[in-house]
Structure formats: C-alpha cells, structure tokens
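Structural overview
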Amino acid sequence: MYPPSRKDFISLTLSDPHSHSYNNGKHRRQSCWRKWKQLSRLQRSLVLFLLALLLILGLLAYPSITEQWRGLSDREDWLELDDRDLKAVPPGVKPVLGPAAAGKPPAPVVGPHLGPAVGPDSVAEPRGPNVPILAKPPTKKKTFSNKRGPPSLQKDGNVSDPIGGEKQEVVEDEEGEEDDKEKKIVSWRGAIIEADQATEPPPSANEKEAAAPPAPANPADAVPTEVVNGTIDRLEAVRDAFRHAWKGYKNYAWGQDELKPISKSFGQWFGLGLTLIDSLDTMWIMGLKEEFAEAKNWVEKELSFDKNTDVNLFETTIRILGGLLSSYHLTGDRLFLEKAKDLGSRLMPAFKTPSKIPFSDVNIGKGIAHPPRWTSDSTLAEVTSIQLEFRELSRLTQDPQYQEVVNEVMKMVHKLPGKHDGLVPMFINTQSGQFTHKGVFTLGARADSYYEYLLKQWIQGGKTEDDLLEDYLQAMEGVRKHLVRQTGPGRLTFIGELSHNRFNPKMDHLVCFLPGTLALGAHNGLPGDHMDLAVQLMETCHQMYKQMETGLSPEIAHFSLQASDGHDVIVKPADRHNLLRPETVESLFYMYRFTKDTKYKDWGWDILQNFNKYTKVSGGGYTSISNVRDPVNPGPRDKMESFFLGETLKYLYLLFSDDMELLSLDKYVFNTEAHPLPIWPSPPK
C-alpha cells in the first residue's frame, strides 16, 4: 500500500447559521490515534487479544450457524428429518425371518371348492418401523388433466407426443371448488382421468430454490434396513416401507381412497376405500396381522356399495373386486366373498349396451351405466382387462352371468377387423362394437393389459381356450415385427408405437409389464425366444431407472435411434414425473422366479432405496414426484396411489423372498393390480 499523498492545507472548523459544524476527517482520525497511543502497552495488548479471540470464535461458529440456518430453511420448505421417526420402535416387537427361515409350515387357506389349501405364508409378529424423511408441499400450480396411466387425453395420446395429434387440456387445480364434483374419471391404463392426477410443468428456478431439500450426507441414512448375519434383510425393509405408508394412510386418510401425505389429507375417487382394499392381500402376504385385522374390521363394518356414486368399471374391478377375491382365497373368510358378490352384481349394468361392449362408468347405487362425457368409446384395455375377476366370481358363486358377459367381449374382439398382425387399436365403440381411431398401435396406456389378459386368461382356464392363445401369439409376433427397435448408442431393445405406419420411439413405463408377461408365457411352454426378448426388455426398463439422476424412472421415455446422440434414454420435460408405479418391479419378480439371477433382486433393491430417498414423507406415506432428473428438488406431488401398496411393495416383497412356493406361479395368476387368483384345475380329458 502506498501512503496517502501529502496535502498542503489548513484544517478549519466552520459554523453555519443553523449550527451545523464541518470539519475534515483527518482531524478525527488523528484524535483517535492519540487516544490509542495514550493507552499503556498492557492495555493495548489486552484489547488486541480480545479482538483476535472474538475473530477466532466467529470463524469456528460460522459452519454450525450456517448449517442450522439451512436446516431451518429446508424444514420450512418440504423436507424434514424426524428423530422420533428414526428411533421410535413399538415395544415387544421381534424380527421376522419368514416361514421358510422360521421352519414353520404355511398357514392353511380354505377355498369354497378346493377344501384346505396352502396359503402364502405364516409369519411371526412384525417389527416396528425405522423410517426417515419428507413433508410440506410446494404450492400447486396449473396441472394437466391425467389418468393413472401416462399423462394424456380424453381423446389424444401421451403428453409429450399425442398420438391423436390434439393438444393437452389445461385445468386449474383449485381445491374446495364445487366443480370438484365434476372431476373426470379416467383410468391409468386407458380408462379414466382425474383432474388432480396431473402432469405439472417443470418448476421454475424460484420454486426449485424454495423447495430444494439437502442431499443426505450418507445415502444409506435415508434407507431403513435390518441387518441379519452381516447382510441386509430386504424383506424386512419392504415391511418397514409398507408400515410407513400405512401409518400415513391410517392417520390421515383412513377409509378414504388415497392419501395425500404431505398435506396430511386425503383424496377421493369413488369413495370406496381404494387404498385399504388394494392393500388387504399385501398385508396378509407380509404377515402384518395387526394391520390386516384393522382393515378387515373396516371392510366388515364400514364398506358399503349402496352409494349413489359413479365408478369406473375397469378400475373398480381390478382394484376392489380383485382385492376382495384374492383376500377371500388367501384367508378363506367369506366376508370378502360376500362383498365381492355384492359389488359384482352392481357392476353388471355396464354391459347393457347395444354392442355388449361395456360402458366405462356405472352408478353402483342406481344401477345406471354410461360412457364418458366426451365420447361413446371405451378404451380397449378397460373392456378386456376385467375378465380374470368376473370369470373367477362366476366360478366361486356358481352364477354364470359374470363369466358370460366378459367372455362375449373377448369373442367379439377376437373376430373384429382392424387389427395389424395381432396388434389392436386403443378404442372401441360401445354402440357399434367396432374399433375406432384405427391405425394407432401401442403397448402403453389404453391397450397394454389387453395383451396381458390374453395370456393370463389362457393360464387361468387351464390352457384350454385356444382363441386366447392364438390372439396372444399373433400379437407378440406383431410386436416383434412392428414395434421392437434398438437404440443407437447402447443397443437397448425397446418397444415403440406405430401411428399410421409411422414409428415413434416412445415407450411408457407401463410397457415394462411386458418382460414379465413374456417370461410367464415362456414358463408355460410358449416359444423360447419370448424369454430372450424378455431379458432384453428387462435391461431397458432397468436403464430407464439407472440413467435418471434420482434412480427412478420417468413416466414416459423416448429412445435415440442415432449412435451419434450419446444418450439412449431421452426424457421430455412433461414426462419426468414418477407415480410410484409397479410395472418394472413386477417384471423383476417374474424374471427372478424363472431365472434365479440375483441381479434382478439387486435392481429391485436399488429402486426401493431410491423410493425411500426421494419419495418418503416423514409423517407417513410416500409421494409421487414431478422430476426424476432433479435429485435436489424432485418436486413432491402430494399423492400416494393405491397401487403403491397393492402392487409395487407387494412385488418387491415377493422378489426378495426365496420361498418359491409363496404364491407359486404354477398355482396363481396375478391380475393387473397384482391380486393373486387361483389357476383353475384342468378339466378331465
């Protein structure tokens, strides 16, 4: 530093008429310096020592203060860590080793025609939860109307690439408005749309900053695990996840359709306790006896179908009717069968159409059915994915009417023109009984479970219905011929879509059911190349998770066909959400059962860990998220779908179990909501 230049002037003090004094600053500085010099050496040393000490203490305290401030900010947004959740363990709990490890025989299950039968398991008393993580939602913005499947249409395809070429409708999501009563119902695989199941636009920079949670210092801290003999007890980790989800549902949404875990409230769809009924057989399989008993008590005392309410035929069949039938088979309790009979009879008016193709919606109190407000069409998935349940209801009740109406639908579809090498259009008209919107073919939303139920009906009926097998085999050949492609960079095999002979390299997460279905067919004697394709597609579905920053798959992926692109999986902004879907872990379960390759278990474990890390809510429950590409702010959507408990956690539990007789795939067939139904005995030849 250079010394200040010398200035030749005289310091003066001036006064103005208003008594304002003026002087230069140099005089004041010199005065202070003289006072400092007047202090003794000891006094000056003491002052300097105190100043140095304060500086050191400030530097030491700075990181702690910063961390506390950041923690307070984060809690005010949406992520918090609750020590009580981490440490609280109910008294008297013991680890569960499962029936095989415990050396106990399975509990007997009684069916109406089979007499005593083997149940899934007999488990010891469950452990208490060890759970961390999330809370408080960001303010809701405009959302897009959606269904349980990919974001989309009443008329068009998915958000990122509407097959029908129409724009997506934007709806204001304002709670408490009277037009909530007019919410549209649309199913996840093609049937209905609920206004608040929406694809949200990517968050702004300000929203990201407001909602950003800190990344855990140690990723393992976010995952509750039990360690037995030095290895992680994955079964117990799944039980912990279920207990945590159930805790939120029980505390904030008991008896309602769906939990909103961040706002600690609930959402209604049909008002029939969807999550509770969807979870019944999961609790039984996991040996969660106390939780099952609570839920059964609600079914017995509170569940009534005598309500003036519209329900979707498809969703009500796969979730509620399927859940009641499977619970009856697993427990032998006729309460569930009686409830299933009551519901089945109330759904029958949906089939009273000129074509015998059922309407999508039915009022179960008034017995009046109707199509959606915007069309007279039903989606193919919803009219051809109710057969397993209605056929089983007829077998149990000895009343043929249920099987007759759904078999008639399959016979009509079998003969209809408009297929493309076994591939079917997405829509069918309830008046004419003909395909509509021809020329568009997908294995995603609105068509997927048609292919799944072709194979599973054939297996359920003892492999005697040749038309079903013929349609399935022809469809799989059509898939190979028209929809299978490989990416340029990594040579990943994927299933695209065909729109008027134009290929679109777009694959819904829903399509990840296909590896498991192909493997199931190969296990039942179908061509071996089905298993080869299953292995390739399973790798692709795994990469849809692995290549995302959160380790969770987007709702829809696009694939690069050019080797120069560098990335196999491309995700458009509107498709980045994750709804806690089951399809990938479903296929992992089938692949492990048939190959015994432990990599499929490891892939499932990675998915569970990432669900815990990015979707777990501290007060109970898990939430769907808006952006799988942003681990700092994945954007919680404040909704836990019933299928997370009914399917996702169930398949993870079965995947991690080494008991191949736990719901043996030679004895049970799973409906499209993961509810196991028995395979019928083959008729005498």
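Everything here concerns the structure above.
Residues numbered from 1 in each chain as written. Predicted model: local features only at pLDDT ≥ 70, side-chain atom pairs only at ≥ 80, totals over all residues. Heavy atoms only, no water.

1. Quick word on the overall build of the chain
Filter applied, for reference: Numbering of helices and strands starts at the N terminus; helices are DSSP runs of H or I of at least 4 residues and strands are runs of E of at least 2. Each residue's exposure class comes from its accessible area (1.4 Å probe, protein chains only) as a fraction of the maximum for that residue type: buried when under 20%, exposed when over 50%, partly exposed otherwise. Only heavy atoms matter for contacts: two residues are in contact if any of them lie within 4.5 Å across the pair. Surface exposure here means Shrake-Rupley accessible area, sampled with a 1.4 Å probe, where a residue is shielded only by the protein chains that are shown.
Counting secondary structure elements, the chain contains 20 helices and 27 strands. A buried classification covers 56% of the 685 residues belonging to the chain. Long-range pairs, those at least 24 residues apart, make up 71% of the contacts in the chain between residues at least 6 apart in sequence. About 29,400 Å² of surface is accessible on the chain, with carbon and sulfur atoms providing 54% of the total.

2. Concerning the sheet that holds strand β13 (residues 361-363)
Note the following rule: Whether two strands pair depends on DSSP finding at least two bridges between them. Only the contacting stretch of a helix is used when fitting its axis, a line to C-alpha atoms as for every element, and angles between N-to-C directions run 0 to 180 degrees.
Here we have three strands laid out as an open sheet, ordered β12-β13-β14, and antiparallel in their pairing. With partners counted over all chains shown, the strands left at the sheet margins are β12 (310-312) and β14 (368-370), one partner each. Neighbour to neighbour, the strand axes of the sheet diverge by 25 degrees on average, direction disregarded.

3. Observations concerning the side chain of Thr672
Heads up, the condition is: Any N or O atom pair separated by 3.5 Å or less is treated as a polar contact, with the protein-specific requirement of one donor-capable and one acceptor-capable atom, and with residues adjacent in sequence counted only for side-chain atom pairs.
Looking at the secondary structure, you find Thr672 in the loop between β26 (668-670) and β27 (676-678). Residue classification places Thr672 among the buried residues on the basis of a relative accessible area of 2%. Side-chain polar atoms of Thr672 contact the side chain of Glu452, separated by 3.0 Å.

4. Observations concerning the packing of helix α9 (residues 313-331) against helix α12 (residues 387-397)
The geometry of a pair of packed helices is captured by two quantities: the angle between their axes and the separation between those axes. To be explicit about the condition: Oblique is the label for every angle not falling under 35 degrees (roughly parallel), over 145 degrees (roughly antiparallel), or within 65 to 115 degrees (roughly perpendicular). Left-handed describes a crossing whose near helix is turned anticlockwise from the far helix by less than a right angle; the clockwise case is right-handed. For this scheme, ten residues count as nonpolar: Ala, Val, Leu, Ile, Met, Phe, Trp, Tyr, Cys and Pro. Four count as charged, namely Asp, Glu, Lys and Arg, and the remainder, Gly too, count as polar.
Two numbers describe how α9 lies on α12: the axes approach to 9 Å, and their chain directions differ by 40 degrees. Judged on the interaxial angle alone, α12 and α9 are oblique. Of the two elements, α9 crosses α12, and the hand of that crossing is left-handed. Only Glu389, Phe390, Glu392, Leu393, Arg395 and Leu396 of α12 make contact with α9, whose side of the interface consists of Leu313, Thr317, Ile318, Leu321, Gly322, Leu325, Tyr328 and His329. For the contact of α9 with α12, the residue count by class is eight nonpolar, three polar and three charged.

5. Observations regarding the side chain of Asn429
Looking at the element boundaries, Asn429 is found in strand β16 (residues 427-429). Within the structure, Asn429 has its side chain in polar contact with the side chain of Asp377 (distance 2.9 Å). At 2.8 Å, the side chain of Asn429 forms a polar contact with the backbone nitrogen of Gln431. The residues contacting Asn429, other than those within four sequence positions of it, are Ser355, Ile357, Ser376, Asp377, Gln434 and Thr436.

6. What about the pattern of salt bridges?
Threshold: Only one rule defines a salt bridge in this text: a Lys or Arg side-chain nitrogen within 4 Å of an Asp or Glu carboxyl oxygen.
According to the stated counting rule, one finds 24 salt bridges in the structure shown. With its nearest N and O atoms 2.9 Å apart, the salt bridge here joins Arg346 to Asp342. Taken together, the residues span about one helical turn, with Arg346 and Asp342 both in helix α10 (residues 334-347) at a distance of four residues. Judged by its relative accessible area of 28%, Asp342 is partly exposed. Residue Glu392 is joined to Arg395 by a salt bridge in which the shortest nitrogen-to-oxygen separation is 3.0 Å. Of the two residues, Glu392 and Arg395 are both situated in helix α12; the distance of three residues between them amounts to about one turn of the helix. This pair shows no difference in class: Glu392 is buried, exactly as Arg395 is. Because the salt bridges share partners, they merge into one network encompassing Glu236, Arg239, Asp240 and Arg243.

7. A few points about the environment of Leu335
With respect to the secondary-structure elements, Leu335 resides in helix α10. Residues Leu335 and Lys296, spaced 39 residues apart in sequence, show a C-alpha to C-alpha distance of 8.9 Å. Among residues more than four places away in sequence, those in contact with Leu335 are Lys296, Val299 and Glu300.

8. Side note on helix α14 (residues 448-460)
Quick note on the threshold: Expected span of a helix: the number of residues minus one, times 1.5 Å.
With 13 residues, α14 extends 19 Å between its outermost C-alpha atoms, agreeing within 8% with the 18 Å of an ideal straight helix rising 1.5 Å per residue. Within α14, 13 of the 13 residues are buried, which leaves the element mostly enclosed by the surrounding structure. Looking at the residues trailing α14, positive phi occurs at Gly462, about 85 degrees.

9. Quick notes on a nonpolar patch on the surface
Selection rule: Residues enter patches when their relative accessible area tops 30% and they take part in no salt bridge; the joining distance is 9 Å for like charges and 5 Å for the nonpolar side chains Val, Leu, Ile, Met, Phe, Trp and Tyr.
Together, Leu46, Phe49, Leu50, Leu53, Ile56, Leu57 and Leu60 give the surface a local cluster of nonpolar side chains, amounting to about 710 Å² of exposed area. Locating Leu46 in the fold gives a position in helix α2 (residues 41-77).

10. Some thoughts on the packing of helix α8 (residues 289-301) against α10
One can describe the packing of α8 onto α10 by two numbers: an axis separation of 11 Å at closest approach and a directional angle of 40 degrees. On the basis of the axis angle, α8 is oblique to α10. Pair α8 / α10 crosses with left-handed handedness. Each of Phe292, Lys296, Val299 and Glu300 in α8 lies in contact with α10, whose residues at this interface are Leu335, Phe336 and Lys339. Among the residues making up the contact of α8 with α10, the classes are represented as four nonpolar, no polar and three charged.

That is the geometry; function is a separate question.
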